[in-house]
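Understanding the architecture of this molecule
Take a look at the letters that make up each chain.
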Amino acid sequence: MTQLSNLPSTDALKQQAKRLRQQLKNSGVAVGHSKSLELVAQQYGARDWNTLQALAGNRLHLRVGDHVRGRYLGQSFTGEVRGLSVMGDGAQRQITLHFDQPVDVVRFESFSALRQRVTGMIGWDGCSARKTSDGVPQLIIDALPGPRPEVALA
């Protein structure tokens, strides 16, 4: 793969194939839909469309401002993506989250440590490579479907 860190969603790839097919048609070269999908896959360095689609479909696509839910150090949260950067070779992303409600990150009953903004590293699956002592990823993120919920101002 030549452009893994820049791989768009499956829908965006399909739109790219549609535009490519139209441009080729305008240039006098007629190709079918499946051929245009294969050409797009080749542009990204994939063996074929099915391989590219599998890679794109297994990636969690996030943007700054997205509302997400997940678990941080074993505690459930919902919050907003405040920062997002692709790191190194593109296999990891640094993410900054602002939780809707502070999360207690300590499991000891007589002590609390509330966090509302955290920064961590996640893979394209939405999970951190770092794990807690019980083997669970420290940070797990799921995108929430639909637009951000409205927040009432007090």
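Along each chain, the written sequence defines residue order, and numbers are assigned to residues from 1. Per-residue local features are limited, in this predicted model, to residues with pLDDT of at least 70; the limit for side-chain atom pairs, both in listing and counting, is 80 or more; totals at the level of whole chains, interfaces and linings are taken over all residues. Excluding hydrogens and water, the side-chain figures rest on all heavy atoms present in the structure.

1. A word on the side chain of Thr96
Each helix is a run of DSSP H or I of at least 4 residues and each strand a run of E of at least 2, with the numbering of both proceeding from the N terminus. The residue Thr96 is located in strand 3 (residues 92-104) in this model. Using a 1.4 Å probe on the protein chains alone, a residue whose accessible area is under 20% of its type maximum counts as buried, one over 50% counts as exposed, and one in between counts as partly exposed. Given a relative accessible area of 17%, Thr96 falls into the buried group. Contact criterion: two residues are considered in contact whenever any of their non-hydrogen atoms come within 4.5 Å of each other. With residues near it in sequence (within four places) discarded, Thr96 still touches Glu80, Val81, Arg82, Gly83, Arg117, Val118 and Thr119.

2. Points about the sheet that holds strand 2 (residues 75-87)
A pair of strands is labelled paired if DSSP reports no fewer than 2 bridges between them. Sheet architecture is open: five strands sit in the order 4-3-2-1-5, paired in antiparallel fashion. The sheet terminates laterally at strand 4 (114-123) and strand 5 (139-143), the two strands that pair on one side only. Averaged over all neighbouring strand pairs, the angle between strand axes comes to 35 degrees, with direction disregarded. Sheet topology places strand 3 next to strand 4; nine bridges connect them, and they run antiparallel. The residue of strand 4 that forms the bridge with Thr96 is Thr119. Geometry is summarised by axes, namely lines fitted to C-alpha atoms with helices restricted to the contacting stretch, and by angles between N-to-C directions that run from 0 to 180 degrees.

3. Things to note about helix 1 (residues 10-26)
Working rule for helices: expected span equals 1.5 Å times residues minus one. Over its 17 residues, helix 1 extends 24 Å from the first C-alpha to the last, a length consistent with the 24 Å expected when each residue adds 1.5 Å. Those residues of helix 1 lying buried are Thr10, Leu13, Gln16 and Ala17. Along the axis of helix 1, the buried positions cluster into a sector of 115 degrees, meaning they face one direction only. Pointing more than 90 degrees away from the buried face of helix 1 are the exposed residues Asp11, Arg19, Gln23, Lys25 and Asn26. With its phi angle positive at about 90 degrees, Gly28 sits one or two positions after the end of helix 1. The directions from the helix axis to the C-beta atoms form the arc being described.

4. Observations regarding helix 2 (residues 33-43)
Taken together, the buried positions of helix 2 are Ser36, Leu37, Val40 and Ala41. End-on view of helix 2: buried residues confined to an arc of 145 degrees, all on one side of the axis. One or two positions beyond helix 2, positive phi appears at Gly45, with a value near 85 degrees.

5. Brief notes about the nonpolar core
Buried together is how nonpolar side chains tend to be arranged in soluble globular proteins. Counting residues in each nonpolar core, the largest one holds 16 residues, and the members touching the most others are Phe77, Ile95, Leu97, Leu139 and Ile141. Counting residues per element, the ones that place at least two in this core are strand 1 (67-72), strand 2, strand 3, strand 4 and strand 5. Per-element tally for this core: the top contributor is strand 3, with four residues. Those residues in contact with Leu139, other than ones at most four positions away along the chain, are Arg71, Tyr72, Phe77, Ile95, Leu97, Gly120, Ile122, Gly126, Cys127 and Ser128. Judged by nonpolar contacts, the second largest core, of 11 residues, contains Leu7, Leu13, Ala46 and Trp49. In this description, a nonpolar core means a group of buried Ala, Val, Leu, Ile, Met, Phe, Trp, Tyr and Cys residues linked to one another through side-chain atoms lying within 4.5 Å.

6. Observations regarding the confidence of the model for the protein
Close reading of the predicted structure is inappropriate where its pLDDT is low. A residue's pLDDT is the predictor's confidence in that residue, given on a scale from 0 to 100. For the protein, per-residue confidence averages 83 on the pLDDT scale, and 88% of positions sit at 70 or higher. Counting contacts from residues 147-154, a segment whose pLDDT is below 50, to residues more than four positions away or on other chains yields four contacts.

7. A short note on unusual backbone geometry
For residues besides glycine, phi is generally negative; the peptide bonds are generally trans as well. Phi at Leu73 is positive, roughly 50 degrees, even though this residue is not glycine. Overall, the relative accessible area of 22% leaves Leu73 in the partly exposed class.

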